[in-house]
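Structural description and commentary
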Amino acid sequence: MVKKISASAILVIALLVISMTAVLAAGLGLFGELAQDPRGDSRLSEVEKVADAIDREWTTEDGVTLRIEQAYYEGNRVFLSYRMSGDRTSTVLHEGAPEGEIAWDWVEENMIAAQSMISDEPERRQAIQQLDGQGQRWIDCTDKGLHDGLTLADGTYLDIIGGDNLVQEDGSVIGWKECEIPEDCLQETLTFQVRLYRHHFIMFQDGTTYRQWTEKGETTPFAFTLTQNTELTRLKGSGAGKDYTAVAELTAGQIDLRGKITVTCPEAWVQVWNTWENPEHIDMIDDWALCVNGEVLAESGLQGGGVSGENQLVYDVLFDAVQDWHGLTLVPVYGNQQPRMEEAIPLSMEE
């Protein structure tokens, strides 16, 4: 005989599962929380494992609270996660035209804000929908937020190469940044700064003409210090196809596998890259896949690239971290979106 489980027992089990899930979620840092977002970067789960807990919080005189939760410094990059709350933004919608003489810094004919602009802020998004070109309406706005990049203590700017921010139901923001450090600035320990900006602007829809005025206020720096992780593996490989030769140089760290592939190729490939047009239907490399022992790990790694001379292309690639680099190959992907396995480039540790 099969013993049936009671409805009350099922309810208890369900509550236990929910409770355990909540406990697990509560144990995550902010990188782990951001990794669960559907549009989140897949690497954030790895950052969560190795990031330092910063847990520093500041509140400005004008009512913004910034908290740096976690950060990580590896090679020539720094990652950080943050929360921001308080008096971050305001939006006031007005009928008619703003009073006084305004030196508009953006004037666009035949542009309707409601049709071409959007905002992550719910209140701002609703107000923009009222700038529909049916007469005159304007919005008085203030924003306080973090500049995209970071700076070092000496003022050196660090370009942002990854990141996102999410507006929460309570109006606060959570987000993350990945910034690149110039090679000549790398040190074992560095102090980084995030900078809070303040903007005041007016968005004016005058019939079918859009006008905008912006005033930039002061910025406030917030500093934190990190020690560099230097446990990196340099990988290199070379290969060739019918019309090209290629040299790959990648770095494997705790977070990802990234680098560049320099391809010496026909000038026609360079022309296609420069013009974004391929009227001759030239069969050329569009992307790179990462494989291990002939099995595809990642179908696409292309992040960007450019032209280097008359007959060279440089492909920038990025893949999720790999636990073991033995047996790894880079495989070119052509216009048919299929990896060409016979042209695989084996990767080995650089001596």
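Details of the structure are given in the entry above.
Notes on the structure in this doc start here. (Residues numbered from 1 in each chain as written. Predicted model: local features only at pLDDT ≥ 70, side-chain atom pairs only at ≥ 80, totals over all residues. Heavy atoms only, no water.)

With respect to the overall build of the protein chain
Counting its secondary structure elements, the protein chain contains six helices and 23 strands. Relative to the 2.2 N^0.38 estimate, which gives 20 Å for 351 residues, the radius of gyration of the protein chain is 26 Å and therefore markedly larger than a compact globule would have. Along the longest, intermediate and shortest principal axes, the C-alpha atoms of the protein chain span 75 × 70 × 55 Å. Here the contacts in the protein chain between residues at least 6 apart in sequence split such that 63% fall between residues at least 24 apart. Taking the average location of the 25 positive side-chain charges in the protein chain and that of its 59 negative ones, the two points are 6 Å from each other. (Helix = DSSP H or I, 4+ residues; strand = E, 2+ residues; numbered from the N terminus. Rg over C-alpha atoms; globule rule 2.2 N^0.38 Å. Contact = heavy atoms within 4.5 Å. Lys, Arg positive; Asp, Glu negative; His and termini not counted. Charge placed at Lys NZ, Arg CZ, Asp CG, Glu CD.)

So, helix α6 (residues 267–275)
The set of residues buried in α6 consists of Trp 269, Val 270 and Val 272. Each buried residue of α6 lies within a common arc of 160 degrees when the element is viewed along its axis, so the set occupies one face. Among the exposed residues of α6, those oriented more than 90 degrees off its buried face are Glu 267 and Asn 274. Of the surrounding elements, those touching the buried residues of α6 are β16 (256–264), β19 (302–307) and β20 (312–320). Positive phi appears at Trp 276, one or two residues downstream of α6, with a value of about 60 degrees. (Buried < 20%, exposed > 50% of the residue type's maximum accessible area, 1.4 Å probe, protein only. Arc of directions from axis to C-beta.)

A few points about the pattern of salt bridges
All chains considered together, the criterion is met by 24 salt bridges. A salt bridge links Glu 57 to Arg 67, with the nearest nitrogen and oxygen atoms 3.5 Å apart. With Glu 57 in strand β1 (residues 52–59) and Arg 67 in strand β2 (residues 64–74), this pair connects stretches of sequence that are 10 residues apart. A relative accessible area of 49% places Glu 57 in the partly exposed class. Within the structure, one salt-bridge network assembled from shared partners comprises Glu 33, Asp 55, Glu 57, Arg 67, Glu 69 and Arg 83. (Salt bridge = Lys/Arg side-chain N within 4 Å of Asp/Glu carboxyl O.)

Considering the sheet that holds strand β21 (residues 328–333)
Each strand in a sheet pairs with another by means of backbone hydrogen bonds, the pair being arranged parallel or else antiparallel. Strand order across the open sheet formed by four strands is β18-β17-β21-β22, with antiparallel pairing between neighbours. Each end of this open sheet is capped by a strand with a single partner; those strands are β18 (295–298) and β22 (345–346). (Pairing = 2+ DSSP bridges.)

Considerations on the packing of aromatic side chains
One pass over the full model with this rule turns up eight aromatic pairs. These aromatic residues form a ring-pair network of at least three members: Tyr 73, Phe 192 and Phe 224. Taking NZ or CZ as reference, Arg 340 lies 3.6 Å from the ring centre of Tyr 334, over its face. (Phe/Tyr/Trp six-rings, centres within 6.5 Å; stacked < 30°, edge-to-face > 60°. Lys NZ or Arg CZ within 6 Å of the ring centre and 35° of its normal.)

Considerations on the pairing of β2
With 10 of its 11 residues buried, β2 lies for the most part within the structure. Looking at chain direction, β1 and β2 are connected through six bridges and run antiparallel. For Thr 59, the partnering residue across the bridge sits in β2 and is Thr 65. Counting the residues between successive antiparallel strands, the hairpin from β1 to β2 contains four residues, one of them, Gly 63, with a positive phi of roughly 90 degrees. Alignment of β2 against strand β3 (residues 77–86), held across 10 bridges, turns out to be antiparallel. Paired with Thr 65 across the strands is Ser 85, a residue of β3.

A short note on the state of the cysteines
A disulfide bridge is the covalent bond that connects two cysteines by way of their sulfur atoms. All chains considered together, the criterion is met by zero disulfides. A disulfide-free cysteine, Cys 185 has its sulfur positioned 13 Å from the sulfur of Cys 179, the nearest such atom. (Disulfide = S-S within 2.5 Å.)

Considerations on the sheet that holds strand β10 (residues 173–180)
Taken in spatial order, the five strands line up as β1-β2-β3-β10-β9 in an open sheet, and their pairing is antiparallel. The open sheet has two edge strands with one neighbour each: β1 and β9 (160–167). Averaged over all pairs of adjacent strands, the angle between strand axes in this sheet comes to 15 degrees, irrespective of strand direction. (Axes fitted to C-alpha atoms, helices over the stretch in contact; angles between N-to-C directions.)

Thoughts on the side chain of Ser 172
Structurally, Ser 172 can be placed in the loop between β9 and β10. Other than its neighbours up to four places away in sequence, Ser 172 contacts Met 84, Ser 85, Arg 88, Leu 166 and Val 167.

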